[in-house]
Every structure is written in C-alpha cells, then in structure tokens.
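Here are the chains, one letter per residue:
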Amino acid sequence: MINHGQDTKSITELIGNESKTSGLVFDIERYAINDGPGIRTLVFLKGCPLRCPWCDNPESQSLLNEIIYTAANCTRCGSCIEVCPNNAISMSAESVTTDRLLCRACGKCVAACPNNARKLAAQSMSVDEVLEEVKRDALYYRNSGGGVTLSGGEVLCQDVFAAQILAGCHLLGFHTAIETTGYGPWPELCRLLEYVDLVLFDIKHPDDACHRAVTGVSNEIIFQNLKRITDMGKPTIARIPVITGFNDSEGTMQDIAVILQDLEGILRVELLPYHRYGVGKYKKLGRTYGWDGKTPEESQMEDFRLVFQAHGFNTSVN
C-alpha cells in the first residue's frame, strides 16, 4: 500500500546518496495492466544477455546507447553528417547510412536533426529521476492495487540500478515486480528479490541445446534460479512466449509443465503468442529481423493452455 507519510520526502531522504546512481532506461510505460496486478508503471532497462531473434525490443539488447533512425522522417538535409564527430554518417543517392561500428551515440546528430528522424534509444536517468517519474502514478496504484514493474532487456544487466529503484519503490509503499529471464548470478538476483513482491519469470525452452542454439545462452542457470526463487517463497508467474518453429509443440509444453510442477509457489502460467510487432524497430537500428514465423492459431494456444491446466496450473493466454 502507498505510504503517504513518505510521499512528501525527497528520494534522497529515503535512500540516501544511492538515489544519484544512474542507468540506461529505454522506455517508461504508464497505465499497463498485463505485467502484474492493477494499473502499473513499467520501467524498461537496457541490456540483455540473450539474443532471441524474435525479440520485440531489439533496442533493449545492447548495454550501450544506440541511434534509432526513422527514414520516413528524413529529408536528407545533411545536418547529421555535418555534426557527427566520428564520420559515422554518410549519404548516397538511395539513403542515409550510419556506420554502427563508428557511431558512439553521442546524440549530436539527434540534436541537429530538424525532422525528428534520429533519436537515442535510451536516456541516462538517476534512481531519483526514475522514482520521481513513477511517483506521478501513485494514485492509480492505490486505487487499483497496482505498482511498478521493472522490465527490459534484463534487469540483472543493471542489477545495482534496479535494486535501488526497487528499494525506493518499497520505501514509498509501492508494490514491485520484475520481469526476468533469470539468466544471471544468483547473488545479484537475490539482492533484487529483497525488494520484489512478484516475479514474472520468462521460460523459453526446456531443452538446453535448443535454448543455447537459438538464444545464445544455456538454460541451466535459468532453471536453477527459478527453483531458488520459488524455494524462498517468492510469488512467481511463469511466462512462456510461444514461438512458432521453436517451442510450439505439445511435447515441449508438457516438458515445461513437468518442470514447473516440481516447484512450489508458481501462482499461474501465462502463455504469450509470438507476434511481429517489433519488426520495424530492426530496420531503424540498422539490423535484420531474425525470425521467420507466424502468430500461433487461437486453437493451438488453447491446446497449450489445456496442457498446463491439466497439470494443475491456472493458465491464461495473453
């Protein structure tokens, strides 16, 4: 619940000099209703150790800032080329191109562009600044039983920054949640969990070889951390993206259900059907979208839902 007695205090008073710690935030989404209870504010942190080729937030992957270029807004005036200190931008008869190896995302081209064709993927924010942002929605949290969810990327890539945001939210009386792949050192994850009320845990594939081949990392530490989280009694929702051509088989879903069945404290399972909403972002980042799939049929998603229901899980398709 909201602690109104602390709302009037500055964040510095609440958590001291740690409020000045900064990190890279690539989005803050308000009035979210699918990432924890009630109406929530989602804070998206940059950086992820996985390289899922279907990722709908490719701007979240790198821990470094990046330039997002919207060609439709560009009038080819050349202002960006003139100010780039690294000569990373060039113009041909067909297009304006950014050499991503030379670009340092200094933002000078963003400031020089008169047409909003260029922007930074993320902004550096202090813990203080993030908490001031989420405090604006305190009334919605109180009236709906909502709160703040940290997402990404992967929150463990900025674990100190994330832990201090979560600690500040707790001191303000806000319900907290994290969305995580679970891929990272347990001590860092455990530090976050001290200030977390709900864990939204992504599970992509039960087979280590398949997981490693497609995401670039093993799932061994992921399942180890999931067990540690549930063993400590932390409320957890298992979230499974259903990806066509990767894990969209009844056998795979059965294997995941068996793994979850051996754990205590899984509140429910959420199935997330694959979509292609993020395709346009790849072009703006100078990348190629890496997955050739289609959205699963509703009947298939219902079959998968029944698999988990048969194992005793309250399961929804989001």
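Below or above, wherever it landed, is the structure these notes cover. None of these values were measured; they are calculated from a predicted model.

The subject of this paragraph is the packing of helix α5 (residues 127-135) against helix α7 (residues 159-171). When two helices pack together, you describe them by how their axes are tilted relative to each other and by the distance separating the axes. One way to put it is that α5 packs onto α7 with a least axis distance of 10 Å and a crossing angle of 40°. Taken as axis vectors, α5 and α7 run oblique relative to one another. Between α5 and α7 the crossing geometry is right-handed. For the pair α5 and α7, contact is made by Val127, Val130, Leu131 and Val134 and by Phe161, Gln164, Ile165, Gly168 and Cys169, respectively. When grouped by side-chain class, the residues that make up the contact of α5 with α7 number 7 nonpolar, 2 polar and no charged.

Below, the discussion takes up unusual backbone geometry. In this chain, Gly152 is followed by Gly153 through a cis amide linkage whose omega measures 10°. By the element assignment, Gly153 lies in the loop between β8 (147-151) and α7.

What follows concerns the sheet that holds strand β13 (residues 315-317). Taking strand neighbours across the sheet as the criterion, the 9 strands line up as β7-β1-β2-β8-β9-β10-β11-β12-β13 in an open arrangement whose pairing is mixed. Single-partner strands in this sheet number two, and they are β7 (123-126) and β13. Going from strand to strand, the sheet's axes swing by 30° on average, the running direction of each strand aside. The pairing of strand β2 (residues 40-45) with β8 spans 5 bridges and is parallel. Looking at the pairing, Leu42 lines up with Thr149 of β8. This element, helix α11 (residues 250-261), spans β11 (236-242) and β12 (266-273) of the sheet and lies at about 170° to β11.

Looking now at the packing of aromatic side chains. Enumeration according to the criterion identifies 7 aromatic pairs in this entry. Measuring from centroid to centroid gives 5.5 Å for Phe26 and Phe44, while their planes differ by 45°, and the two rings are tilted. Linking Phe26 in strand β1 (residues 22-32) with Phe44 in strand β2, this pair joins segments that are 18 residues apart in sequence. For the pair Phe26 and Phe44, one class covers both residues: buried.

Turning our attention to the pattern of salt bridges. Here the structure, examined in full by the defined rule, presents 16 salt bridges. Of the charged contacts in the structure, one is a salt bridge between Glu133 and Arg136, with a shortest N-O distance of 3.1 Å. Of the residues examined, Arg136 reaches a relative accessible area of 57% and is grouped as exposed. Residues Lys227 and Asp231 are paired through a salt bridge, measuring 2.8 Å at the closest nitrogen-oxygen approach. Here Asp231 and Lys227 lie together in helix α10 (residues 220-231), a separation of 4 residues that amounts to about one turn. The class of Lys227 is partly exposed, set by a relative accessible area of 41%.

Conventions we followed
Residues numbered from 1 in each chain as written. Predicted model: local features only at pLDDT ≥ 70, side-chain atom pairs only at ≥ 80, totals over all residues. Heavy atoms only, no water. Axes fitted to C-alpha atoms, helices over the stretch in contact; angles between N-to-C directions. Helix = DSSP H or I, 4+ residues; strand = E, 2+ residues; numbered from the N terminus. Parallel < 35°, antiparallel > 145°, perpendicular 65-115°, else oblique. Left-handed = near helix turned anticlockwise from the far one by under 90°. Contact = heavy atoms within 4.5 Å. Nonpolar A, V, L, I, M, F, W, Y, C, P; charged D, E, K, R; others polar. Pairing = 2+ DSSP bridges. Phe/Tyr/Trp six-rings, centres within 6.5 Å; stacked < 30°, edge-to-face > 60°. Buried < 20%, exposed > 50% of the residue type's maximum accessible area, 1.4 Å probe, protein only. Salt bridge = Lys/Arg side-chain N within 4 Å of Asp/Glu carboxyl O.

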